[in-house]
Amino acid sequence: MDNTPLAERMRPTSLDNYIGQKHIVGEGAILRNAIASNILPSIILWGPPGVGKTTLANIIAHQLKRPFYALSAINSGVKDIRDVIDKAKGNGMFAGNNPILFIDEIHRFSKSQQDSLLGAVEKGTVTLIGATTENPSFEVISALLSRCQVYILKHLDKEDLLEMLEQAIKTDPFLKTKKINIVENEALLRLSGGDGRKLLNIFELVVNAIGGENIEITNEKVSGIVQQNIAIYDKAGENHYDIISAFIKSIRGSDPNAAVYWLARMIEGGEDPSFIARRLLILASEDIGNANPTAMILANNCFQAVNVIGFPESRIILSQTVIYLASSAKSNASYEAIAKAMQQVQQTGDQPVPLHLRNAPTKLMKDIGYGKEYQYSHGYEGNFSAQEYLPDAVKGMKFYEPGNNAREKELRLFLKSRWGEKYGY
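What comes next concerns the included structure. (Residues numbered from 1 in each chain as written. Predicted model: local features only at pLDDT ≥ 70, side-chain atom pairs only at ≥ 80, totals over all residues. Heavy atoms only, no water.)

A word on the overall build of the chain
Point 1. Of regular secondary structure, the chain possesses 20 helices and seven strands.
Point 2. Out of the 425 residues belonging to the chain, those deemed buried represent 43%.
Point 3. Summing over all exposed atoms, the chain offers an accessible surface of approximately 22600 Å²; the carbon and sulfur share of this is 53%.
Point 4. Taking the average place of the 46 positive charges on the side chains of the chain and the average place of its 47 negative ones, the gap between the two points comes to 4 Å. (Helix = DSSP H or I, 4+ residues; strand = E, 2+ residues; numbered from the N terminus. Buried < 20%, exposed > 50% of the residue type's maximum accessible area, 1.4 Å probe, protein only. Areas by Shrake-Rupley, 256 points an atom, 1.4 Å probe, with all protein chains shown as cover. Lys, Arg positive; Asp, Glu negative; His and termini not counted. Charge placed at Lys NZ, Arg CZ, Asp CG, Glu CD.)

Some points on unusual backbone geometry
Point 1. The phi torsion at Glu105 lies on the positive side, around 55 degrees, for a residue other than glycine.
Point 2. Examined against the element boundaries, Glu105 turns out to sit in the loop between β3 (100-104) and α6 (111-123).
Point 3. Among the residues examined, Glu105 registers a relative accessible area of 15% and is labelled buried.
Point 4. One non-glycine residue, Ser254, lies in positive phi territory at about 60 degrees.

Things to note about the sheet that holds strand β1 (residues 43-46)
Point 1. Read from one edge to the other, the open sheet built from five strands follows the order β2-β3-β4-β1-β5, with strand pairing classed as parallel. Looking at strand neighbours, the two that pair on one side only are β2 (68-72) and β5 (149-152), the edges of this open sheet. Shown here is a sheet whose adjacent strand axes are inclined to one another by a mean of 20 degrees, direction ignored.
Point 2. The sheet contact formed by β2 and β3 spans five bridges and is parallel. Opposite Leu71, over in β3, you have Ile103 as the bridge partner. (Pairing = 2+ DSSP bridges. Axes fitted to C-alpha atoms, helices over the stretch in contact; angles between N-to-C directions.)

Structural notes on the pattern of salt bridges
Point 1. Applying the stated rule across the entire model yields 19 salt bridges.
Point 2. Residues Glu27 and Arg32 are paired through a salt bridge, measuring 3.4 Å at the closest nitrogen-oxygen approach.
Point 3. Overall, the relative accessible area of 16% leaves Arg32 in the buried class.
Point 4. With a closest N to O distance of 2.5 Å, Arg278 and Glu139 form a salt bridge. Placement of the pair is Arg278 in helix α15 (residues 273-288) and Glu139 in helix α7 (residues 136-139), with a sequence separation of 139 residues. In this structure, Arg278 and Glu139 share a single accessibility class: buried.
Point 5. A single salt-bridge network, built from bridges that share partners, covers Glu134, Glu139, Arg278 and Arg279. (Salt bridge = Lys/Arg side-chain N within 4 Å of Asp/Glu carboxyl O.)

Focus on a nonpolar patch on the surface
Point 1. A cluster of nonpolar side chains, namely Tyr374, Tyr376 and Tyr389, defines an oily patch on the protein surface of about 330 Å² accessible area.
Point 2. Mapped onto the secondary structure, Tyr374 falls in the loop between α19 (363-367) and α20 (406-419). (Patch = residues over 30% accessible without salt bridge, like charges linked within 9 Å, V, L, I, M, F, W, Y side chains within 5 Å.)

Considerations on the packing of helix α9 (residues 158-171) against helix α11 (residues 196-210)
Point 1. Two numbers describe how α9 lies on α11: the axes approach to 10 Å, and their chain directions differ by 45 degrees. Classified by the interaxial angle, the pair formed by α9 and α11 is oblique. The element α9 and its partner α11 pack so that their crossing is right-handed. Contacts between α9 and α11 involve Leu161, Met164, Leu165, Ala168 and Ile169 from the former and Gly196, Leu199, Leu200 and Phe203 from the latter. (Parallel < 35°, antiparallel > 145°, perpendicular 65-115°, else oblique. Left-handed = near helix turned anticlockwise from the far one by under 90°. Contact = heavy atoms within 4.5 Å.)

Describing helix α16 (residues 294-309)
For an α-helix the count is 3.6 residues per turn, leaving residues at separations of three or four pointing the same way.
Point 1. If you check α16, its first and last C-alpha atoms are 22 Å apart, about what 16 residues at 1.5 Å a residue would give, namely 22 Å.
Point 2. Along α16, the residues that are buried comprise Ala295, Ala299, Cys302, Ala305 and Val306. The arc that holds every buried residue of α16, seen down its axis, measures 125 degrees, which confines them to one face. In α16, the exposed positions that point more than 90 degrees away from the buried face belong to Ile297 and Val308.
Point 3. Along its buried surface, α16 packs onto α15 and α17 (314-326).
Point 4. The positive-phi residue at the C-terminal boundary of α16 is Gly310, with phi of around 75 degrees. (Expected span 1.5 Å × (residues − 1). Arc of directions from axis to C-beta.)

Some words on the environment of Glu163
Point 1. Summarising the element assignment, Glu163 is placed in helix α9.
Point 2. Linking Glu163 and Ile19, residues 144 residues apart in sequence, is a C-alpha distance of 7.8 Å.

As for the environment of Leu118
Point 1. With respect to the element layout, Leu118 can be found in helix α6.
Point 2. The spatial distance from the C-alpha of Leu118 to the C-alpha of Asn17 is 33 Å, given a sequence separation of 101 residues.
Point 3. The contacts of Leu118, once residues within four sequence positions are left out, are Ile141, Ala143, Leu144 and Arg147.

Fair warning: the whole summary comes from geometry, so function is off the table for now.
In structure tokens form, the structure reads like this:
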């Protein structure tokens, strides 16, 4: 039996066998067309783990028949980058095609490491393909980001994952010698979390644990086998995303004890403190919001502080912030409000701004009514005028529903005193 992991054995070598991401590599999609025309810019592939970023980079190099160099940001430095660029210069001139430099987890590169790529990317010495699980707007320097196209890869859906399993059973040299019957697939899909690599690793683990020629897979068997083989936390591994998920959900659930435990797991695993602090800043707005506006201030100060101080001292700042956020009143009203408003914009399109709210910088605009009936709030009692601020098509629609907490109850009373029954406060 081949000791290579199933996920690696099943790695496709062409777009025809590539599963998922049809929005960018399906027939007629933008990246597929770029590959077909051999006019490929430097790109950043942004998406969760196990959705095919590394595989796609390899396929691109294979289909374009270009030299391929790969670095991992976890264990590569500026010297490694320069060495590869020097080789790429020689290879590119010889082959007539500029080589591809693939950098996995490019978000882990420091500013100086990313700076060392700029010249080669700008001159076209290499075509850069960077893979990242983090938002490149935060993690990739602007000078490098501006020279790259960003493609967003999505979690694999149920159909993609089942297709991946079926392909493995039918084509893998080891698995096709077995009679495998997947009676239930819910546990496999749930545990994979949309991660194709994780799905295949779990599937292989289950098949090997059951053993024999006739293998029947049920939810109970999968759950039992996986529970007995849970890997220890590894910041670069699959469990990284399960840990951060448990961490965020513990804070959202107002359990400071569980939240600090998961924080400790991340610290012991060597997690980047900026990554943790950034998640706290998002949570302070998404899950606490106006129930306690101070949470956002504290989370932002935490983010600033850990970037200045670093470990080990910043563990105390993180702990203080985590405990405060977990112990705070919760509200997702702001999150819900913008979601509803964006949905309405998508449904009704670009509605015209009411004339009385329009800017009128010229005489002509004033003459045709721009800003004519606008009522300056500070000129009215209580600094308030009950004029219409929404376009006619969405007039009277309520997007913000204050949460059931002390601070937002005050906001509800304030809004009711101003708007009466218009918005149903």
